[in-house]
Amino acid sequence: MSRFWSPIVHTLTPYVPGEQPRVDGLIKLNTNENPYPPSPRVLEAISGAHPRLRLYPDPRATSLREAIAAHYEVSPGQVFVGNGSDEVLAHTFQALLKHDAPLLFPDITYSFYPVYCGLYDVAYQEVPLDDAMRVDIADYRRPCSAILIANPNAPTGIGLSRETIEALLAEHPDQLVVVDEAYVDFGGESAIPLVARHDNLLVIQTLSKSRALAGLRVGFAIGQAPLVEALERVKDSFNSYPLDCLAIAGAVAAIQDDAWFQETRTRIMASREILTRALSGLGFEVLPSQANFLFARHPRHSGADLAAGLRARNILVRHFKKPRIQDFLRITVGSEDQCARLTEALRGLV
Ligand SMILES: Cc1ncc(COP(=O)(O)O)c(C=O)c1O
């Protein structure tokens, strides 16, 4: 604490990211990173971009917005890019979610959302997931200014169909619906095809998970042009160059290498199914996941004990000390070998 702090700093409860320890041989299944490397074309593109380091990058990251637009069949004017989807979310909170009526999001979801509400002074209400830990869109029929849903949700991994998202959009034509699709490439249904006919939809995605680029920090939003314009206005009042020239070049290559993307995500989804069966066989209740992680609890062991036991065996998973979910572990789907070693370690613990 210091007398130089702005008043708001005293009120902030910052987000606590998953640990990134530097421990030899650690099996790191705590932050939903991709176990496989990014496309080899990413490295080539980054090496090729270094002569441009002397110059400021393109403030609008035009080549990347064009690559994303071509991939998702939208126009470049419907694409906004940022330094990780966390930054895209932050600008969304400031540009589009601060109104008198509360923003709604689930009680169990990405824990950065309430942090941004604190930073940007956004009124919000948490809507409880149902008993099966699902989002029920009927629970969102209440006064609000906007709705924010992670789909698939984190940390549950449970997804909503595109049809359900469309029903939510139709029920709230005068509220913005933001769909955070950080994990959608692992079997979920993206809402991007709905953007053309719904001016109240903003979809946010990241290259951190399915494209294995968490270290490069690239995220994007797709929505109709006026929504993108609001995000651009905030961005240009904050940092004109959020994406450096290496990130732009690498991200374009990642988006364009569809074969790599398909192969690695398919492999992760196959491992997820094997791991789900293995954990169920050990007595775990495993929520049905459409993400690159599982959310699971054991009837006879606390989440904290299991996480500690795994840690003692050099395996890191995520445990949240939060009501309703303190008995669960969130386990990133790793490589085939990592999943097998996790299963063996859990067999010794339960
Ligand atoms: C639901 C959700 N949204 C957004 C993010 C942020 O991802 P990034 O900032 O790496 O793009 C995460 C990261 O874990 C997440 O779980």
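Presented here is a report on the structure given in the accompanying data block. (Residues numbered from 1 in each chain as written. Predicted model: local features only at pLDDT ≥ 70, side-chain atom pairs only at ≥ 80, totals over all residues. Heavy atoms only, no water.)

## Some words on helix H6 (residues 162-171)
Residues of H6 that are buried include every one of Ile165, Leu168 and Leu169, and no others. One side of H6 holds all its buried residues, which, seen down the axis, span an arc of 100°. Within H6, the exposed residues directed more than 90 degrees away from the buried face are Glu163 and Ala170. Where H6 is buried, its residues contact strand S5 (146-150), strand S6 (176-180) and strand S7 (201-206). (Buried < 20%, exposed > 50% of the residue type's maximum accessible area, 1.4 Å probe, protein only. Helix = DSSP H or I, 4+ residues; strand = E, 2+ residues; numbered from the N terminus. Arc of directions from axis to C-beta. Contact = heavy atoms within 4.5 Å.)

## Description of the sheet that holds strand S10 (residues 293-297)
What links the strands of a sheet is backbone hydrogen bonding, and the strands pair in either a parallel or an antiparallel sense. The sheet built from three strands is open, its strands ordered S9-S10-S12 with antiparallel pairing. Both outer strands of the open sheet, strand S9 (285-286) and strand S12 (328-332), are each paired with one neighbouring strand and no more. In this sheet, S10 lies alongside S9 in antiparallel orientation, the contact comprising two bridges. In the sheet register, valine 286 faces S10, and the bridge partner there is alanine 296. Sitting on the sheet, helix H9 (residues 258-281) touches S9, S10 and S12, and the angle it makes with S10 is about 10°. (Pairing = 2+ DSSP bridges. Axes fitted to C-alpha atoms, helices over the stretch in contact; angles between N-to-C directions.)

## Considerations on helix H3 (residues 62-72)
Of all the residues in H3, the buried ones are Leu64, Arg65, Ala67, Ile68, Ala69 and Tyr72. On the buried face of H3, the contacting elements are strand S2 (79-82), S7, strand S8 (219-223) and helix H8 (245-256). Of the residues one or two after H3, glutamate 73 is the one with positive phi, at around 55°.

## Here we look at the packing of aromatic side chains
What the rule picks out here adds up to 13 aromatic pairs. Judged by centre distance (6.4 Å) and plane angle (35°), the ring pair of phenylalanine 93 and tyrosine 113 falls under tilted. Residue phenylalanine 93 is located in helix H4 (residues 84-96), and its partner tyrosine 113 is located in helix H5 (residues 112-120); the two are separated by 20 residues in the primary sequence. Judged by centre distance (4.3 Å) and plane angle (5°), the rings of phenylalanine 112 and tyrosine 116 are stacked. Of this pair, phenylalanine 112 and tyrosine 116 both sit in helix H5, four residues apart, which is roughly one turn of the helix. (Phe/Tyr/Trp six-rings, centres within 6.5 Å; stacked < 30°, edge-to-face > 60°.)

## Some remarks on the environment of serine 210
With respect to the helices and strands, the residue serine 210 is situated in the loop between S7 and S8. Placed 14 residues apart in sequence, serine 210 and alanine 196 show a C-alpha to C-alpha distance of 24 Å. When neighbours within four sequence positions are excluded, serine 210 is seen to be in contact with Asn34, Asp185, Phe186, Phe261 and Thr264. Only 2.5 Å separates the side chain of serine 210 from the side chain of aspartate 185, close enough to count as a polar contact. (Polar contact = N/O pair within 3.5 Å; in protein donor to acceptor, adjacent residues only side chain to side chain.)

## Concerning the pairing of S12
By the criterion of burial, S12 is predominantly enclosed, with five of the five residues buried. Here S12 shows no split at all, with Phe328, Arg330 and Thr332 on one side and Leu329 and Ile331 on the other all buried. Looking at chain direction, S10 and S12 are connected through five bridges and run antiparallel. Within the sheet, the bridge partner assigned to leucine 294 lies in S12 and is isoleucine 331.

## Considering unusual backbone geometry
Where the residue is not glycine, phi is negative for most of them; where a peptide bond is considered, it is trans in most cases. The linkage connecting asparagine 151 with the following residue, proline 152, adopts the cis geometry, with an omega of -5°. For the bond running from alanine 154 to proline 155, omega is 10°, close enough to zero to count as cis. Structurally, the position occupied by proline 155 is in the loop between S5 and H6. Positive phi outside glycine occurs at methionine 133, with the angle close to 65°. As for its placement among the helices and strands, methionine 133 is situated in the loop between strand S4 (124-127) and S5. Of note in this structure, arginine 324 is not a glycine but carries a positive phi near 80°. Along the chain, arginine 324 turns up in the loop between strand S11 (315-317) and S12.

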